[in-house]
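Structural overview for review
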Amino acid sequence: MKAVIYDRYGPPEVLHVAEVEKPMPADDEVLIRVMAAEATKGDCEMRKCEFAVSWLSLPMRLVLGIRKPKRRVLGGYFSGVIESVGKEVEEFKPGDELFGSARLRLGGYGEYVALPESYTIVPKPSNISFEEASSVPLGGLNALHFLRLGNIRPGEKVLINGAGGSIGIFGVQIAKSMGAKVTAVDKTEKLELLRSIGADHVIDYTQEDFTRNGNKYDVIMSTVAGASYPDMIASLNPGGRYLIANPKFMDMLRAPLTSMFSDKKAIFAFAQEKPEELLALKEMIETGKIKAVVDQILPMDQAPEAHRLVESEQRLGAIVIKIGNT
Ligand SMILES: NC(=O)c1ccc[n+]([C@@H]2O[C@H](COP(=O)([O-])OP(=O)(O)OC[C@H]3O[C@@H](n4cnc5c(N)ncnc54)[C@H](OP(=O)(O)O)[C@@H]3O)[C@@H](O)[C@H]2O)c1
């Protein structure tokens, strides 16, 4: 089968299309013909083996391979069709259309991926394309996970920092669907998109520091690695919650202290990516509460360009790699 592979860590050009062995599903696994995969910031970080928060570098290098990548096919989030199933598989059958997460097994940049049926793979929303579906799991699962931890009540003021990114785009929409008044923070070029997906207020971080304008929020969700912990906590109303998607090491030490010694909470977590959460997202898409936002769909041989667009943030929505000749 064909796959976008990389044999060494490095710039986008290390990605190239090659023939690799087609995976064989084990008894409890499904073999999926991949239709599309999102090119994510996480994929770019793994390609370079450099991570936005530095404490992740050592554990991730141990997982990915110390000198060179052990798993040559990136791609954590995808959509596809079941090709065949192992003999113990009960929930899926050939022909089922699905979307989901390959977790750290990765493999979504290849024409086929084999995954345990227990992974977060669920039927694809019926009203969107494969390309749109592939752009949902990363952003949707993370945003939903964090915002549920924030216990948002209707009418509360929620600020999404990094709102124009993969997680933020879903954060804005999911917070709105929870009844929040949403302020979205990102750069100038992304503000119109953020208004179009429902943000009540937008702030251009290149022009204004929202932590200095006197406004306070009930919940702040941030995906921005460099966000200042004290500034974020100071921008919360009493009882406010700070949801940290990209915590620095010091943030992880401070968070329990904030929760213990003040009336505010700081919550960091790694999204568990549960099937139940992806099913909730499917339902939200099918009922029109949230939508996928895809900027560009590129073929496999343009994977380096896909990564360049994601890394340089020259995008308004997801960059999707179309897999195979579909
Ligand atoms: N905790 C977890 O379980 C978990 C799960 C998945 C991912 N992550 C991590 O979360 C990070 C972000 O995720 P993502 O995929 O949503 O990233 P992303 O798509 O790169 O989104 C980040 C957004 O923040 C914007 N931004 C940059 N600097 C900013 C600033 N100072 N203020 C406001 N906005 C700013 C970026 O736009 P510009 O750069 O154009 O301004 C971009 O739109 C990644 O590093 C990833 O590793 C954590």
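The present account deals with the structure reproduced in this document.

Cut-off values and rules
Residues numbered from 1 in each chain as written. Predicted model: local features only at pLDDT ≥ 70, side-chain atom pairs only at ≥ 80, totals over all residues. Heavy atoms only, no water. Pairing = 2+ DSSP bridges. Helix = DSSP H or I, 4+ residues; strand = E, 2+ residues; numbered from the N terminus. Axes fitted to C-alpha atoms, helices over the stretch in contact; angles between N-to-C directions. Contact = heavy atoms within 4.5 Å. 1 Å grid on protein atoms, 1.4 Å probe; cavity = no way out; pocket = protein on both sides within 12 Å on 5 of 7 lines; lining within 4 Å. Points joined across faces, edges and corners; volume = space filled by probe spheres on them. Nonpolar A, V, L, I, M, F, W, Y, C, P; charged D, E, K, R; others polar.

To continue, consider the sheet that holds strand S9 (residues 181-186). Spatially, the 6 strands line up as an open sheet ordered S10-S9-S8-S11-S12-S13, and their pairing is parallel. Only two strands of the sheet have a single neighbouring strand rather than two, namely strand S10 (201-204) and strand S13 (265-268). If you compare each strand with its neighbour and ignore which way they point, the axes differ by 15 degrees on average. Relative to S13, strand S12 (residues 236-244) runs parallel, the two sharing 4 bridges. Paired with isoleucine 244 across the strands is phenylalanine 268, a residue of S13. Sheet strands in contact with helix H4 (residues 137-149) are strand S8 (157-161), strand S11 (217-222), S12 and S13, and its direction is about 150 degrees off that of S12.

As a further point, take the layout of surface pockets. In this structure, the largest pocket spans a volume of roughly 1300 Å³. Around the largest pocket, the lining is made up of 45 residues, and of these Gly42, Glu45, Leu138, Ile167 and Asn246 lie nearest the centre. If you list the elements that add at least two residues to the lining of the largest pocket, you get helix H1 (41-48), H4, helix H5 (166-177) and S9. Considering every element that reaches the lining of the largest pocket, the biggest residue donor is H1, with 5 residues. The residue inventory of the lining of the largest pocket, partitioned by class, reads 22 nonpolar, 13 polar and 10 charged. Taken as a whole, the second largest pocket holds about 270 Å³ of empty space. Element by element, the count of residues in the lining of the second largest pocket is highest for strand S6 (residues 112-116), at 3 residues. Considering only residue class, the lining of the second largest pocket consists of 10 nonpolar, 1 polar and 4 charged.

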